[in-house]
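Notes for the structure review
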Amino acid sequence: QVQLEESGGGLVQAGGSLRVSCAASGRTDSRYVMGWFRQAPGKEREFVSAIKWGIGTTYYTDSVKGRFTISRDNAKNTVYLQMNSLKPEDTAVYYCAARRGVVVGYLINEYDYWGQGTQVTVSS
């Protein structure tokens, strides 16, 4: 079992920055892919970014490329999502997820463990 806990959400003005964190505990090792998803009000949960825990390869959805950066700290078992140049359309609950294996997933049902989510609100 893997437990995930997000933190770092909040309210920020458009153009600002936030960093959300995901602390993983339990049976974690390098054979996981860590992902960030988000869900805006009235919309489906969507893929944002992912990182292969072992080798650090990163993936992004087109709408956040160049603005968001995913990273991990192996010593702290924590994954980060640095979000810059935030836009009102980035407003959502951001969820951390873990997928067993080394193949990146882009769909909700490809991930095995989920955190509770953290709210990110971007005001215009």
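One can find the structure itself at the top, above this paragraph.
How each quantity is defined
Residues numbered from 1 in each chain as written. Predicted model: local features only at pLDDT ≥ 70, side-chain atom pairs only at ≥ 80, totals over all residues. Heavy atoms only, no water. Core = buried A, V, L, I, M, F, W, Y, C linked by side-chain atoms within 4.5 Å. Buried < 20%, exposed > 50% of the residue type's maximum accessible area, 1.4 Å probe, protein only. Helix = DSSP H or I, 4+ residues; strand = E, 2+ residues; numbered from the N terminus. Contact = heavy atoms within 4.5 Å. Disulfide = S-S within 2.5 Å.

What follows concerns the nonpolar core. In terms of nonpolar packing, the biggest core is built from 28 residues, with Leu4, Met34, Trp36, Leu81, Met83 and Tyr94 touching the most fellow members. Mapped onto this core, the elements with two or more residues apiece are strand S1 (2–7), strand S3 (18–26), strand S4 (32–39), strand S5 (46–52), strand S7 (68–73), strand S8 (78–83), strand S9 (92–100) and strand S11 (118–123). Ignoring any residue separated from it by four or fewer positions in sequence, one finds Leu81 in contact with Leu18, Arg19, Val20, Trp36, Val48, Ser49, Phe68, Thr69, Ile70 and Tyr94.

We now examine the state of the cysteines. On inspection of all chains with the given rule, the structure shows one disulfide. Disulfide pairing is shown between Cys22 and Cys96; the S-S distance is 2.0 Å. In this structure, the disulfide formed by Cys22 and Cys96 twists by about -75 degrees around the S-S bond and is classed as left-handed. Note that Cys22 is positioned in strand S3 and Cys96 in strand S9, a separation of 74 residues in sequence. For Cys96, a relative accessible area of 0% translates into the label buried.

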